[in-house]
Amino acid sequence: MHASTAQRKDAGVSASPLAGVLLGDHEFAYLRDFVYQNLGIALSDQKRQLVQGRLARRLRQLHLPDYAAYCALLRADADSELGELASVISTNVTSFFREPHHYELLEKELLPQWLDCKRRDGDRLRIWSAGCSSGEEPYAIAMVLAEALETAGAKHLDAKILATDLSPQVLETARNGVYAADRLGGISAERRHRWLLRGSGANEGYVRVHPRLRELVTVQPLNLLHDWPMKGLFDAIFCRNVVIYFDTPTKKRLFSRYAALLPAGGYLFLGHSESMHGINDDFELVGRTAYRKRA
Ligand SMILES: C[S@@+](CC[C@H](N)C(=O)[O-])C[C@H]1O[C@@H](n2cnc3c(N)ncnc32)[C@H](O)[C@@H]1O
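Report on the accompanying structure. For clarity, every value in this text was computed on a predicted model and none was experimentally measured.

1. As for the overall build of the chain
- Looking only at helices and strands, the chain features 11 helices and 10 strands.
- Expected size for 295 residues packed as a compact globule is a radius of gyration near 19 Å; at 20 Å, the chain falls within 12% of this value.
- Considering the chain as a whole, with its 295 residues, one finds that 50% of them fall into the buried category.
- Of the contacts formed within the chain by residues at least 6 apart in sequence, a portion of 74% connects residues at least 24 apart.
- Surface summary for the chain: the accessible area is close to 14200 Å², and the carbon and sulfur share equals 51%.

2. What to know about the sheet that holds strand 7 (residues 236–239)
- In spatial order, the strands read 6-2-1-7-8-10-9; together these 7 strands make up an open sheet with mixed pairing. Pairing within the sheet leaves two strands with one partner each, and these edge strands are strand 6 (217–221) and strand 9 (283–287). Here the strands of the sheet are splayed against their neighbours by 20° on average, with no regard to which way each runs.
- Of the pairings in the sheet, the one linking strand 2 (residues 158–165) to strand 6 comprises 5 bridges and is parallel in character. Its bridge partner lying in strand 6, Ile 161 is registered against Val 217.

3. Some words on the nonpolar core
- Counting 48 residues, the largest nonpolar core has Trp 128, Leu 224, Tyr 258 and Leu 268 as its most contacted members.
- When contributions to this core are tallied by element, the ones reaching two or more residues are helix 2 (25–39), helix 3 (48–62), helix 4 (67–76), helix 5 (78–89), strand 1 (124–130), strand 7, helix 11 (248–260) and strand 8 (267–270).
- Here this core spans two domains, and each of domain 1 (5–89) and domain 2 (100–293) adds at least three residues to it.
- Filtering out sequence-adjacent residues up to four positions away, Leu 224 remains in contact with Trp 128, Ala 130, Cys 239, Val 242, Leu 254, Arg 257 and Tyr 258.
- Core analysis: the second largest hydrophobic core is formed by 45 residues, Ile 127, Ile 141, Ala 154 and Val 217 among them.

4. Overview of helix 2
- Between its first and last C-alpha, helix 2 extends 20 Å over 15 residues, near the 21 Å set by a 1.5 Å rise per residue.
- Among the residues of helix 2, Glu 27, Phe 28, Leu 31, Phe 34, Val 35, Asn 38 and Leu 39 are the ones counted as buried. For helix 2, the angular spread of the buried residues around the axis is 130°, confining them to a single face. Of the exposed residues in helix 2, those oriented more than 90 degrees away from the buried face are Asp 25 and His 26.

5. Some thoughts on the site of the ligand
- Neighbouring the ligand are 18 residues; Thr 94, Arg 98, Gly 131, Asp 165 and Asn 241 lie closest to it.
- Take Glu 137: an N or O atom from its side chain is 3.0 Å from a nitrogen atom of the ligand.
- A distance of 2.7 Å is found between an oxygen atom of the ligand and a side-chain nitrogen or oxygen belonging to Asp 165.
- Contact with the protein chains hides 97% of the accessible area of the ligand, taken as 600 Å² for the molecule alone.

6. Concerning helix 11
- For helix 11, with 13 residues, the first-to-last C-alpha span of 18 Å sits near the 18 Å given by 1.5 Å per residue.
- Within helix 11 the residues assigned to the buried category are Thr 250, Lys 251, Leu 254, Phe 255, Tyr 258 and Ala 259.

7. Structural notes on the sheet that holds strand 3 (residues 178–180)
- If you walk across this open sheet you meet the 3 strands as 3-5-4, and the pairing is antiparallel. Whereas interior strands pair on both sides, the edge strands pair on one side only; in this sheet they are strand 3 and strand 4 (196–198). Mean inter-strand twist for the sheet, computed between neighbouring axes without regard to direction, equals 35°.
- Here strand 3 pairs with strand 5 (residues 206–209) via 3 bridges, running antiparallel. Each bridged residue has a counterpart across the sheet, and for Tyr 179 the counterpart in strand 5 is Val 207.

Thresholds applied
Residues numbered from 1 in each chain as written. Predicted model: local features only at pLDDT ≥ 70, side-chain atom pairs only at ≥ 80, totals over all residues. Heavy atoms only, no water. Helix = DSSP H or I, 4+ residues; strand = E, 2+ residues; numbered from the N terminus. Rg over C-alpha atoms; globule rule 2.2 N^0.38 Å. Buried < 20%, exposed > 50% of the residue type's maximum accessible area, 1.4 Å probe, protein only. Contact = heavy atoms within 4.5 Å. Areas by Shrake-Rupley, 256 points an atom, 1.4 Å probe, with all protein chains shown as cover. Pairing = 2+ DSSP bridges. Axes fitted to C-alpha atoms, helices over the stretch in contact; angles between N-to-C directions. Core = buried A, V, L, I, M, F, W, Y, C linked by side-chain atoms within 4.5 Å. Domains from an automatic or database assignment. Expected span 1.5 Å × (residues − 1). Arc of directions from axis to C-beta. Near = heavy atom within 4 Å. Polar contact = N/O pair within 3.5 Å; in protein donor to acceptor, adjacent residues only side chain to side chain.

Interpretation note: all reported values are geometric properties and have no functional meaning in isolation.
Next up, the structure:
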């Protein structure tokens, strides 16, 4: 039950830029193209200094002499570096029950409705946490779902949460389901008691999520800009604080793809500073950054 590689990765690495090593035109053009194709983020010229500064730390970690060497690494093996690059350019910040109004809607309205309808053999309930980071979001959903299934006497129902992210580093933490005990702020005392197992000895200061939550959550790597293997429909998709850096054409494509994976009446949750306004009209706004697919 130890802290993950992702949690430890920055330990002991100096934040100072590589002295005198600049991000040249050629490398910036390559990175800009690469980041747009793979992360949907359009880097303007004004971002060059920022990218140079932030990548300097990564170059040190990898013991690379310059940005050309970093571009060569991306060319050779983009997939394994993409997650690190994403966290350099954007952020993996997350927490349990972040933006609690979405969990309230889920608990008080949506799950009771869905569980009332899903009574036949073979009925499925599917929720997707897209851009799940280190797993706090899908496990918080799982706590609410597990409780609702129990209340409805529907423990047998085929209910699953798919948790995906492009970053292997955060997915490792999500798979382990082990978290620092001082980062559980959003979870009620009752839920902590019920759903988190305290570590002892070498694991003092950490908690592990209850096996029931792990059973409900499937963690998979997935880049939202690439092909998706899922075929079946979801009842709800959480894609919160992910599209914030995407440009409008990328958001437009992504929201249409989400619409295709939701039935009429299915829900899409975005982050607090994200919106579909003027980008997509398959959905109507029904709460704070909560959208319902139109009939
Ligand atoms: C700020 S975190 C948000 C985590 C969680 N959804 C929340 O709201 O707390 C954004 C996550 O989106 C992931 N992400 C960014 N672009 C992505 C993409 N193209 N495909 C999949 N995941 C992506 C990042 O790796 C990061 O873990």
